[in-house]
Amino acid sequence: MANTPLDPEVQEWLDFDRQHLWHPYTSASEPLPCYPFKSATGTRIQLHSGESLVDGMSSWWCAIHGYNHPHLNDALKKQAEIASHVMFGGLTHEPAARLGKRLLDVSPPDMQHLFLADSGSVSVEVAIKMAAQYYQATGLKDKGRLLALRNGYHGDTAGAMAVCDPVTGMHSLFTHLLPGHLFAPQPRCRFGDDWDPKDFTPMRRLLEQHHHELCAVIVEPIVQGAGGIWFYHPNYLVELRRACDELDVLLIYDEIATGFGRTGKLFAWEWAGAQPDIMTVGKALTGGYLTLAATLTSKKVAQGISQGGPLMHGPTFMGNPLACAVANASLDLLEQGDWQQQVSWLEQALQEGLEPCAGLDICAETRVCGAIGAVELKSSVDVAAAQAYFVRCGAWIRPFGKLIYLMPPYICSQQDIDTLCEAIFGYLQTS
Ligand SMILES: *Cc1c(COP(=O)(O)O)cnc(C)c1O
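Analysis parameters
- Residues numbered from 1 in each chain as written.
- Predicted model: local features only at pLDDT ≥ 70, side-chain atom pairs only at ≥ 80, totals over all residues.
- Heavy atoms only, no water.
- Helix = DSSP H or I, 4+ residues; strand = E, 2+ residues; numbered from the N terminus.
- Rg over C-alpha atoms; globule rule 2.2 N^0.38 Å.
- Contact = heavy atoms within 4.5 Å.
- Areas by Shrake-Rupley, 256 points an atom, 1.4 Å probe, with all protein chains shown as cover.
- Patch = residues over 30% accessible without salt bridge, like charges linked within 9 Å, V, L, I, M, F, W, Y side chains within 5 Å.
- Salt bridge = Lys/Arg side-chain N within 4 Å of Asp/Glu carboxyl O.
- Lys, Arg positive; Asp, Glu negative; His and termini not counted.
- Charge placed at Lys NZ, Arg CZ, Asp CG, Glu CD.
- Buried < 20%, exposed > 50% of the residue type's maximum accessible area, 1.4 Å probe, protein only.
- Near = heavy atom within 4 Å.
- Polar contact = N/O pair within 3.5 Å; in protein donor to acceptor, adjacent residues only side chain to side chain.
- Nonpolar A, V, L, I, M, F, W, Y, C, P; charged D, E, K, R; others polar.
- Expected span 1.5 Å × (residues − 1).
- Disulfide = S-S within 2.5 Å.
- Core = buried A, V, L, I, M, F, W, Y, C linked by side-chain atoms within 4.5 Å.
- Domains from an automatic or database assignment.
- Pairing = 2+ DSSP bridges.
- Axes fitted to C-alpha atoms, helices over the stretch in contact; angles between N-to-C directions.
- Buried area = accessible area lost by both parts, 1.4 Å probe.

1. Remarks on the overall build of the chain
Logical step 1: Tallying secondary structure elements over the chain gives 13 helices and 16 strands in all.
Logical step 2: Here the C-alpha atoms of the chain give a radius of gyration of 22 Å, agreeing with the 22 Å that 2.2 N^0.38 yields for 431 residues.
Logical step 3: On the principal axes, the C-alpha backbone points of the chain span a range of 65 × 55 × 45 Å.
Logical step 4: Here the contacts in the chain between residues at least 6 apart in sequence split such that 72% fall between residues at least 24 apart.
Logical step 5: As presented, the chain carries roughly 19,000 Å² of accessible surface, and 54% of it is formed by carbon and sulfur atoms.

Take a look at the structure:
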């Protein structure tokens, strides 16, 4: 079944793609190889070359229910018959209003207003604008900078990039574009360990020194995703909330990667119980079907901004009805299904499956939180070689830096997890 010769037509567009299309973070002249995707169902990705791969990535953490889900397909088809898109300026529709209500129902109780953005990065831009406009409108006009965490990731547009880790975010390429925000060290006290109050000291110090010029602190709660798959202690957020209140700085949680059950709670803030002033969600919001995100905020922030005028953002595809309809359908599946049990089962299965890797010399450690499993190596992974090996094993896994990680769809079976974990172990053994 695997590795059948490619149809000449497929070869043709594959060659064109290689010569002309940019893929994420690749060179136009020396691109990393791309595999020809044919279709996907459930947890499986089919290639034109014949392989059937277990998806270990959920298409960058989005496809939590798997691919080609009848309920999500239905929602999309029904909405397409009504209207795929209409402008959100001056018009509104049931899919957007219903989604708004449902999102507020499941988010921190303080969240009372929301903005529907067209991607995660844009929702972060909107979050930053909300914080900046809030202090402009309420008269503290010096408060325009942000404080973020090292090893954080918040998106690739300029404003979002400016709060990503300065090293992995390659800030050196964009010095003239970036406003120069502040960064606190990565929290080192781990999720599951005893809380060490000293872990918060550097953040506390930065807040005390700079609060007069800060509009917000932005963090990914509990799990730092694309910046290093790192899990930190909930008490860090409790301390952060307290310090932000004391020093009048807004707190933004970026739940784009952590939202919709991935860490074992519907949203990661629940581990700490400390609410944000502004929160972003995206990625799994539509179950991986379409690009959609949202920025949620409190009555206090929304009313503060409004004293100064309108919130200054409005994308062309804002509130896209197709995306809202499929997001509502994805929320149906979360409401009706047993994601909590699936995620806690996955946590156990990933722990067991990745454990053998920890004994290998080239492995620094393995770590698991909810339906997220990571193997950290002592040196960087050769992505092309690793992927070629994984594909031969029937696994779709995309490593980065020193990390080989898994964020599988919640519907994975034991056999799926075995395939993924054995592929990783096999690769590490041979390399
Ligand atoms: C992926 C991600 C983003 C950016 O979302 P896009 O939809 O890719 O723009 C922002 N923040 C976090 C935490 C993410 O994981």
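That shown, we press on.
2. Describing a negative patch on the surface
Logical step 1: Residues Asp7, Glu9, Glu12 and Asp15 make up a contiguous surface patch of negative charge.
Logical step 2: Relative to the helices and strands, Asp15 is located in helix α1 (residues 8-20).

3. Section: unusual backbone geometry
Logical step 1: Backbone geometry at Asn151 places phi at a positive 65°, although glycine is not the residue there.
Logical step 2: Mapping Asn151 onto the fold places it in the loop between β5 (145-149) and α6 (158-161).
Logical step 3: Relative accessible area serves as the criterion here: at 25%, Asn151 is assigned to the partly exposed category.
Logical step 4: The backbone of Lys283 shows a phi angle near 30°, a positive value even though the residue is not glycine.
Logical step 5: With respect to the helices and strands, Lys283 occurs in the loop between β11 (278-281) and β12 (293-298).
Logical step 6: By relative accessible area, Lys283 is classed as partly exposed at 26%.

4. Side note on the site of the ligand
Logical step 1: As a matter of local geometry, the ligand sits amid Trp61, Ser119, Gly120, Ser121, Tyr153, His154, Gly155, Glu220, Asp254, Ile256, Ala257 and Lys283.
Logical step 2: Here an oxygen atom of the ligand and a side-chain polar atom of Lys283 are 2.6 Å apart.
Logical step 3: Coverage of the ligand by the protein chains reaches 82% of its 380 Å² of free accessible surface.
Logical step 4: Looking at the shell around the ligand residue by residue, the class counts come to four nonpolar, five polar and three charged.

5. Remarks on helix α8 (residues 235-247)
Logical step 1: The end-to-end C-alpha separation of α8 is 18 Å, in line with the 18 Å expected for 13 residues at 1.5 Å each.
Logical step 2: All of the buried residues in α8 are Tyr236, Leu237, Leu240, Arg241, Ala243, Cys244 and Leu247.
Logical step 3: If you follow the buried residues of α8, they end up packed against β5, α7 (201-210), β7 (214-219) and β10 (250-254).
Logical step 4: Phi for Asp248, located one or two positions after α8, is positive at around 55°.

6. Things to note about the pattern of salt bridges
Logical step 1: Summed over all chains, the structure comprises 15 salt bridges.
Logical step 2: The residue Arg204 makes a salt bridge to Glu208 at a minimum N-O spacing of 2.9 Å. With Arg204 and Glu208 both in helix α7, this residue pair falls four residues apart, about one helical turn.
Logical step 3: Here Arg241 makes a salt bridge to Asp277, at a shortest N to O gap of 3.0 Å.

7. Focus on the side chain of Glu255
Logical step 1: Within the secondary structure, Glu255 sits in the loop between β10 and β11.
Logical step 2: No salt bridge forms around the buried Glu255; measuring N to O, its nearest opposite-charge neighbour Arg262 is 11 Å away.
Logical step 3: Residue contacts for Glu255: discarding those within four places in its chain leaves Pro221, Phe267, Ala268, Trp269, Met279, Thr280 and Val281.

8. A word on the state of the cysteines
Logical step 1: Taken as a whole and judged by the stated rule, the model has zero disulfides.
Logical step 2: You can see Cys215 has no disulfide; the closest cysteine sulfur is in Cys244, sitting 11 Å from it.
Logical step 3: The thiol of Cys393 is not disulfide-bonded; the next cysteine sulfur, from Cys357, is found 12 Å away.
Logical step 4: Note on Cys393: relative accessible area 31%, which makes it partly exposed.

9. Let's talk about the nonpolar core
Logical step 1: By size, the foremost hydrophobic cluster in this structure holds 91 residues, and its most contacted members are Met203, Leu207, Val217, Leu240, Phe260, Phe390 and Ile424.
Logical step 2: A domain-level breakdown of this core finds at least three residues from each of domain 1 (8-68 + 338-430) and domain 2 (72-336).
Logical step 3: The residues touching Leu240, leaving out its near neighbours within four places in the chain, are Phe200, Met203, Leu207, Val217, Val219 and Leu251.

10. Some details on helix α11 (residues 339-358)
Logical step 1: Look at α11: 28 Å from first C-alpha to last across 20 residues, which is about the 28 Å you get at 1.5 Å a residue.
Logical step 2: Listed as buried for α11 are Trp339, Val343, Leu346, Ala349, Leu350, Leu354 and Cys357.
Logical step 3: Its buried side turned inward, α11 meets α10 (321-336), β13 (363-369), β14 (372-377), β16 (403-406) and α13 (414-430).

11. Some remarks on the sheet that holds β13
Logical step 1: Reading across from one edge, β13-β14-β16 is the order of the three strands in this open sheet, with antiparallel pairing throughout. The outermost strands of the open sheet, each flanked by one partner alone, are β13 and β16. Neighbour-to-neighbour, the strand axes of the sheet open up by a mean angle of 10°, direction not taken into account.
Logical step 2: One ladder, built from six bridges, connects β13 with β14; its direction is antiparallel. In the strand pairing of β14, Arg367 is matched with Ala374.
Logical step 3: In the packing of α13 onto the sheet, the strands contacted are β14 and β16, and the crossing angle to β16 comes to about 165°.

12. Topic: the domain arrangement of the chain
Logical step 1: For the chain, the domain assignment lists domain 1 (8-68 + 338-430) and domain 2 (72-336).
Logical step 2: Its C-alpha centre places domain 1 at a distance of 26 Å from the equivalent point of domain 2.
Logical step 3: Carbon and sulfur atoms make up 63% of the area that domain 1 and domain 2 hide from each other, which totals about 2,400 Å².
Logical step 4: If you look at where domain 1 meets domain 2, you find one salt bridge.
Logical step 5: The partner of Arg190 in a salt bridge is Glu365, and the shortest N-O contact between them spans 3.0 Å.
Logical step 6: Taken together, the links from domain 1 to domain 2 amount to 14 residue pairs in polar contact (both at pLDDT 80 or more).
Logical step 7: Among the secondary structure elements, those contributing two or more residues to the side of domain 1 that touches domain 2 are α2 (58-61), α11, β13, β14 and β16.
Logical step 8: When residues of the side of domain 1 that touches domain 2 are assigned to their parent elements, the largest contribution, four residues, is made by β13.
Logical step 9: Residue composition of the side of domain 1 that touches domain 2, grouped by class: 19 nonpolar, five polar and three charged.

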